[in-house]
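The residues making up each chain are set out below.
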Amino acid sequence: MALESTVSDGALAGLTVAVATLDRPEALSRCLDALLSGAVRPAEIIVVDQSADDAARAVVTRHAPRGVQVRYYRQDRRGLSASRNAAIMLATQPILAVTDDDCVPDARWVATIVRTLSEAQAPDAVTGRVLPLGAEEPGSYAVSSRVAEQRVDHRGRALPWSVGTGANLAVVRKWLAGVGGYDERFGVGSAGAAGEDTDLLYRLLRAGAQIRYEPDAIVYHERQSYGRRLATRSSYGRGIGACCAAWLRRGDPQALVLFGRWLASRVRRMVGAAARRDTTAVYEELLVLSGTVAGVIYGATLSPTMMPQRRDGLARRLRRLVRPAWLGTLRRTRPLSDRWGSDRGTPLDRYYIERFLADHRTDIRGRVLEVKDEGYTARFGAAVETRDVLDVDSRNPRATVIADLAAADAIPSDGYDCVILTQVLQLIFDTRSAIAHAHRILKPGGVLLVTVPTLSRIVESGDYWRFTPMACRTLFAAAFGADRVEVRSYGNVLSAIAFLAGMAWEELSRRELDVQDDDHPLLVAVRAVKG
């Protein structure tokens, strides 16, 4: 679908450029210089920083007064996909373009993207050429190049790795919301190592998007050492292998065809290199293939749904080994963890919260309000247009609405398509008032998604209530009407005991977690629709 306007040289385009950065302030500065000196400049640049120091922040500060809104965001979650998801949440323009901090966009890059997406028969996303930056020098090598000069429109079952690359990608932003953004299990900084762009392109194509490879959209990528090039060969293969295995687990048998075509192309390259007696190229292809095998093993372990990356680090594994959870022995007066199991893995109630939100992701659309941060909106939202964050604490930098939900008269009525309240109501004394305000601020037809604990350790202050399914039906029916409220329990006696004992979700099997016992739930979930 074409956008409604184009821009002339010297103007600002209705486009957000996202740049993820990690400990490369000089390269970031070079990238921003290129974006700010282009023939057409973006209306907004968002730099998402995971660096160890504040050097990137200083770079952004130096570039901010140059007529374009240059925004800095500190990202605590590790991984390239996490940074790009943060940019999706923060972006305000109808197009989101992505490049890397070690890339230099061409002077016409932004103008080409906007022109392409403004045509009468415009695509929904644009990729383009990635060329080596600067002259070739001894000891430097091109990495991740895209050099084809033929314009191609991709749809449906195109090979996603042939469509383009994440260093040169622009998408109409509502499509990103529709497919749920990047899968944080892939990409640099994750166990997937790479493949986040391939997976995103795959899901866009499967959702019906048309993606154009536009050779006039050019970015230049910094050359790397040979050691760095070899590292990318293995990670590149790992990413593709992981993606193919994950797609198959999502129920797409075409993933087997894609995987076969990938293997055939790499074997052909290796055979050709062997025929030329190019031992270096043969070695590189062997790295790609070995990485692919490792990626398939990783991808086969992933859930079919896009859950956030599990950060199951060495320290938490050691805690589980040193203090194992012997479920046959309950003779203990202190839990294994005083932090809901977060020091051992992932808090167990998150399993059910994320399952509930995944089941109702189509409700998370339009204008969405979430408490504390927008993480679940970004992870599970579909066609989200605006993300607001509610907090009673004005010191929260992510909060866009400062209010107590139980006394939220300042929030306009009929404003939101969806409100997400996960594990919040037990912290509000006047629960009835909070539910009434949630009903009021929803638009007609808007959806309230709520989870509440039936049991949990008590937080230090402000923890008032625990809920039963019957209590939830009564409370929400009073505000929404009984016929507009759905209540469901999650968990069983085993998961409830494990949660109270401070175990992590990784310490139970999915077979154990998925048993539902309405007499012994761990939490209750509510979906309520405003009439």
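Residues numbered from 1 in each chain as written. Predicted model: local features only at pLDDT ≥ 70, side-chain atom pairs only at ≥ 80, totals over all residues. Heavy atoms only, no water.

Asks: Could you give me a rundown of the overall build of the chain, with the residues and numbers involved?
Replies: Tallying secondary structure elements over the chain gives 17 helices and 16 strands in all. On C-alpha atoms alone, the chain measures out to a radius of gyration of 25 Å, which is about the 24 Å that the 2.2 N^0.38 rule sets for 531 residues. Principal-axis analysis of the C-alpha atoms gives the chain an extent of 70 × 55 × 45 Å. Looking at the chain as a whole, 55% of its 531 residues are labelled buried. When contacts within the chain are restricted to residue pairs at least 6 apart in sequence, long-range pairs at least 24 apart make up 78% of them. Summed over its atoms, the accessible surface of the chain is roughly 23000 Å², and 54% of this surface lies on carbon and sulfur atoms. Once the 71 positive and 62 negative side-chain charges of the chain are each reduced to a mean point, those two points are 4 Å apart. (Helix = DSSP H or I, 4+ residues; strand = E, 2+ residues; numbered from the N terminus. Rg over C-alpha atoms; globule rule 2.2 N^0.38 Å. Buried < 20%, exposed > 50% of the residue type's maximum accessible area, 1.4 Å probe, protein only. Contact = heavy atoms within 4.5 Å. Areas by Shrake-Rupley, 256 points an atom, 1.4 Å probe, with all protein chains shown as cover. Lys, Arg positive; Asp, Glu negative; His and termini not counted. Charge placed at Lys NZ, Arg CZ, Asp CG, Glu CD.)

Asks: I'd love a proper account of the side chain of T232, names of residues and values included.
Replies: Looking at the secondary structure, you find T232 in helix α8 (residues 226-249). Here R229 takes part through its backbone oxygen, which lies 2.6 Å from a polar atom of the side chain of T232. (Polar contact = N/O pair within 3.5 Å; in protein donor to acceptor, adjacent residues only side chain to side chain.)

Asks: Which residues make up the state of the cysteines, and what values do they have?
Replies: Inspection of the entire model under this criterion finds 0 disulfides. Not part of a disulfide, C31 finds its nearest cysteine sulfur in C103, a span of 7.1 Å. You can call C31 buried: its relative accessible area is 0%. (Disulfide = S-S within 2.5 Å.)

Asks: Tell me about the environment of V384, and name the residues and values.
Replies: For V384, the location among the structural elements is in strand β11 (residues 384-391). What makes V384 buried here is its relative accessible area of 5%. For the pair V384 and M89, spaced 295 residues apart in the sequence, the C-alpha separation amounts to 9.3 Å. Each residue touching V384, except ones within four places of it in the same chain, is listed here: A177, I364, R365, G366, V368 and T377.

Asks: So what about helix α10 (residues 279-299)? Which residues, and what values?
Replies: Taking 1.5 Å per residue as the helical rise, α10 with its 21 residues ought to reach 30 Å, and the 30 Å between its terminal C-alpha atoms agrees with that figure. Of the surrounding secondary structure, the elements contacted by the buried residues of α10 are α8 and α9 (254-275). (Expected span 1.5 Å × (residues − 1).)

Asks: Mind laying out the sheet that holds strand β10 (residues 366-371), listing which residues take part and the relevant values?
Replies: What the 7 strands build is an open sheet, ordered β12-β11-β10-β13-β14-β16-β15; its pairing is mixed. Each edge of the sheet is formed by a strand with only one pairing partner; in this case those strands are β12 (401-402) and β15 (485-490). The pairing of β15 with strand β16 (residues 523-529) spans 6 bridges and is antiparallel. Across the sheet, the residue bridging to V487 is V526, located in β16. Along the sheet, helix α14 (residues 431-441) makes contact with β10, β13 (416-422) and β14 (442-453), crossing β14 at roughly 145°. On the sheet, helix α15 (residues 469-480) packs against β14, β15 and β16 and is oriented at approximately 160° with respect to β15. (Pairing = 2+ DSSP bridges. Axes fitted to C-alpha atoms, helices over the stretch in contact; angles between N-to-C directions.)

Asks: Any details on the side chain of Q423? Residues and values, ideally.
Replies: Topologically, Q423 is positioned in the loop between β13 and α14. Its relative accessible area of 16% is what places Q423 among the buried residues. The residues touching Q423, leaving out its near neighbours within four places in the chain, are D349, I353, T451, V452, P453 and L523.

Asks: Account for the environment of S461, naming residues and giving values.
Replies: With respect to the secondary-structure elements, S461 resides in the loop between β14 and α15. The class for S461 is exposed, based on a relative accessible area of 60%. Separated by 34 residues in the primary sequence, S461 and L427 place their C-alpha atoms 8.6 Å from one another.

Asks: How would you summarise the pairing of β16 if you had to cite specific residues and measurements?
Replies: With 7 of 7 residues buried, β16 is to be regarded as a mostly interior element. Side-chain alternation along β16 places L523, A525, R527 and V529 on one buried face and V524, V526 and A528 on a second face that is also buried. Relative to β16, β14 is paired through 7 bridges, and the arrangement is antiparallel. By the bridge assignment, L448 is partnered in β16 with A528.

Asks: Can you break down the environment of V529 residue by residue, with the values?
Replies: Mapped onto the elements, V529 comes out in strand β16. With 43 residues separating them along the chain, V529 and E486 place their C-alpha atoms 9.0 Å apart. Not counting residues within four places of it along the chain, the set of residues in contact with V529 comprises G445, G446, V447, F480 and R484.

Asks: Could you give an account of the pattern of salt bridges, naming the residues involved and the relevant values?
Replies: Summed over the entire model, instances satisfying the criterion amount to 37 salt bridges. Among the salt bridges present, the one from R334 reaches D338, with a minimum N-O distance of 2.9 Å. Residue R334 is classed as exposed on the basis of its relative accessible area, which comes to 52%. According to the relative accessible area criterion, D338 is partly exposed, its value standing at 40%. K443 is the partner of D417 in a salt bridge, and the nearest nitrogen-oxygen pair spans 3.3 Å. With a gap of 26 residues between them, D417 in strand β13 and K443 in strand β14 connect regions that are remote in the sequence. By relative accessible area, D417 is classed as buried at 13%. Residues participating in the shared-partner salt-bridge network are D183, R185, D199, R203 and R250. (Salt bridge = Lys/Arg side-chain N within 4 Å of Asp/Glu carboxyl O.)

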